[in-house]
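If you want the building blocks of each chain, they are given just below.
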Amino acid sequence: MIQLEAIHKSFGDTRVLRGVSLSIERGEVVCIIGPSGSGKSTLLRCINYLEQPEGGRITIDGQNAYRDVVNGKIKNYPTRQIAATREKIGMVFQQFNLFPHLTALQNIMEAPRQVKHIKKAEAEQKARSLLAQVGLAEKANQYSQELSG
Amino acid sequence: MERPTIDWALVRESLPALLEGLKITVELTFIVIVISLILGVFIALGRLSKNRALRIVTGFYVDFMRATPLLLQLIYIYFVLPTLGIRLEPFVAAVVGLSLNYSAYLSEVYRSGIQAIPRGQLDAAAALGMRPSLTMRRIILPQAIRIVIPTLGNYFVALFKDTSLASALTLQELLFSGQIVISRTYDYFTIYTMVLVLYFLVGYPALIFVRYLEKLTKAGYRRRRSPESLPLPNQPS
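Remember, it's a predicted structure, so these values are computed and weren't measured experimentally.

Draft legend 1. A look at the overall build of chain B. Along the backbone of chain B there are 8 helices and 0 strands. The N-to-C order of helical and strand elements in chain B reads α-α-α-α-α-α-α-α. Taken along its principal axes, the extent of the C-alpha atoms in chain B is 75 × 60 × 30 Å. The buried share of chain B, taken over its 237 residues, is 41%. Considering only contacts within chain B whose residues lie at least 6 apart along the sequence, 75% involve residues at least 24 apart. Of the roughly 13,700 Å² that chain B leaves accessible, carbon and sulfur atoms contribute 66%. For chain B, the distance from the average site of its 24 positive side-chain charges to the average site of its 14 negative ones is 16 Å.

Draft legend 2. Just the packing of helix H4 (residues 90-115) of chain B against helix H6 (residues 132-162) of chain B, in detail. Residue and element names in this part refer to chain B. Across the interface, H4 lies against H6 with an axial gap of 8 Å and an inter-helix angle of 140 degrees. As far as their axial angle goes, H6 and H4 are oblique. In this structure, the crossing between H4 and H6 has a hand that is right-handed.

Draft legend 3. Fine view of the sheet that holds strand S2 (residues 14-24) of chain A. Residue and element names in this part refer to chain A. Spatially, the 4 strands line up as an open sheet ordered S2-S1-S3-S4, and their pairing is antiparallel. Of all strands in the sheet, those bounded by a partner on one side alone are S2 and strand S4 (63-64). Summarising the sheet, strand S1 (residues 2-11) and strand S3 (residues 55-60) pair through 5 bridges and their orientation is antiparallel. Its bridge partner being in S3, His 8 is matched across the sheet by Gly 55.

Draft legend 4. Focus on the nonpolar core. Residue and element names in this part refer to chain B. Core analysis: the largest hydrophobic core is formed by 42 residues, its most contacted members being Leu 28, Leu 98 and Tyr 110. Among the secondary structure elements, those contributing two or more residues to this core are helix H1 (8-47), helix H3 (70-80), H4, helix H5 (119-127) and H6. Top contributing element to this core by residue count: H4, with 9 residues. The residues touching Leu 28, leaving out its near neighbours within four places in the chain, are Phe 91, Ala 94, Val 95, Leu 98, Thr 163, Ala 166 and Leu 171.

Draft legend 5. Looking closely at H1 of chain B. Helix geometry: H1 of chain B is bent most strongly at Ser 14 of chain B, by close to 45 degrees, with proline Pro 16 of chain B lying one to four residues after it. Two or three places before Ala 9 of chain B, at the opening of H1 of chain B, Asp 7 of chain B has a side-chain oxygen 3.2 Å from that residue's backbone nitrogen.

Draft legend 6. Fine view of the packing of aromatic side chains. Residue and element names in this part refer to chain A. A full pass over the atoms with the stated rule returns 10 aromatic pairs over all chains. Each ring, one from Tyr 49 and one from Tyr 66, has its centre 4.6 Å from the other, and the planes form 0 degrees; the classification is stacked. With Tyr 49 in the loop between helix H1 (40-47) and S3 and Tyr 66 in the loop between S4 and strand S5 (67-70), this residue pair connects regions lying 17 residues apart in the sequence. Tyr 66 carries the same exposure label as Tyr 49, and that label is buried.

Draft legend 7. Seen up close, the interface of chain B and chain A. On the chain A side, the residues contacting the 27 residues of chain B number 28 residues. Interface area, chain B with chain A, both sides summed: about 2,500 Å², of which 55% is carbon and sulfur. For the pair chain B and chain A, the interface holds 2 salt bridges. Counting across the chain B and chain A interface gives 6 residue pairs in polar contact (both at pLDDT 80 or more). Going through the elements one at a time, H5 and H6 of chain B are the ones with two or more residues in the side of chain B that touches chain A.

Here is what the cut-offs are and how they apply
Residues numbered from 1 in each chain as written. Chains lettered and ligands numbered in written order. Predicted model: local features only at pLDDT ≥ 70, side-chain atom pairs only at ≥ 80, totals over all residues. Heavy atoms only, no water. Helix = DSSP H or I, 4+ residues; strand = E, 2+ residues; numbered from the N terminus. Buried < 20%, exposed > 50% of the residue type's maximum accessible area, 1.4 Å probe, protein only. Contact = heavy atoms within 4.5 Å. Areas by Shrake-Rupley, 256 points an atom, 1.4 Å probe, with all protein chains shown as cover. Lys, Arg positive; Asp, Glu negative; His and termini not counted. Charge placed at Lys NZ, Arg CZ, Asp CG, Glu CD. Axes fitted to C-alpha atoms, helices over the stretch in contact; angles between N-to-C directions. Parallel < 35°, antiparallel > 145°, perpendicular 65-115°, else oblique. Left-handed = near helix turned anticlockwise from the far one by under 90°. Pairing = 2+ DSSP bridges. Core = buried A, V, L, I, M, F, W, Y, C linked by side-chain atoms within 4.5 Å. Bend = angle between axes of the 7 residues up to and from the residue. Polar contact = N/O pair within 3.5 Å; in protein donor to acceptor, adjacent residues only side chain to side chain. Phe/Tyr/Trp six-rings, centres within 6.5 Å; stacked < 30°, edge-to-face > 60°. Buried area = accessible area lost by both parts, 1.4 Å probe. Salt bridge = Lys/Arg side-chain N within 4 Å of Asp/Glu carboxyl O.

Written out as C-alpha cells, the structure reads:
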C-alpha cells in the first residue's frame, strides 16, 4: 500500500503541490488526471523521491519510504536505502529516458544486471521474452534512438 | 646575402639523431596522454563531487594549472624542485609536468561532457534503483566520453606539439635534438626545416585521425551487428 500524506512541493515561488494526500491499495489502479502544469508528474516523481517534497509523509506498506522527521527536521535515509526502495518501484517517464548508449535489449537488462545482480543469461532470457511480448523481439539489438515512440 | 640551401649531406648525417628525438617525443606524448586521460576523470569527478572541500581543492588545482604557463611549470619542476631536495630526470620531470597540466585541461573536457548528459538520464537511473556511483560508471561516463572523444583527440595533437617545451629541460626530444646538431653545425635552415617536417609528418596524420573520430562520433549510435542479428531485409543502412 502506498500512502501520501499532505505532500508539499514548490519550485521557487511556484507552489505545485499543496498538501496532497492519497492512498493506493495493493492491486488498485489509480489514474491521476489534471490540466497541464497541475503537478501530476511532480506528484509521481515524489513517490520515488526524484523530487523531495518540503513537507508531508510518503509511506509504503506502512513504513516511511525515504526519510524520517527527527526533532522537526527532515532526515533523509541513506542513499543505499533510497535506491533499494526505488528498485521496487517501476516508472515510465514522459520522455522515456532510454539509455542511448545501450541497445533495446541492454536497456532492459541494465537494472536487473547491475542493481539486482541477476546472471547475464537469465537476464537476457527474461529481457528477450519481454521484448517479444510487446512485439519488439527483432529490435533487440537496435539502439534506443532508432526505435520510434 | 646568400640564399639558404638545404645541406643534404647534413640531412643524411643528422637524420638518425633527429629520429631518435622523434621517438622520445612520441613516447612522451603517449605516456602523458594515458596518465592525463585517467587522472582527468578523477579530477572532473572531484569538481562535481558533493564534498565541498574536494570541489574547492580540485577547482583550485585546475585553475592554477590553467592560469600559469606550461613552460614555467616544467621549468619549475626541473630547476626549482631540486632546491627542495626533489631531483628528477629530464624525462620524468617532463612526464610529471605535462601530465599535471594536461590532466587539468582534460578534466574540464570531461566535466563539460558529464554536464551535457540530460537530467532525465540521471532520473531514469535513480528510478531503477541505481546509486550515484553506479549511475556515473554505467550511464553518465560512457555517454560523456563518447561526446568528448573529438575534443580529447585535439588535445592529444596539442600535447604532441607541447612536448617540444621539454627541450627547455635538456630532454633530447625532437626539437632539442635538432638544437644540439645546430650548436655544432650552425645550419639553422637545414635542421629546423627537418624538425618542422618531422613534426608535420606525425602531426598531420594525427589530425586526420581526429577528424575521422569526429565524423564517427557525430554519426551517433549505430546498430550493432552481432552474428545472431544479421541485417534484416529492407533495412535502411
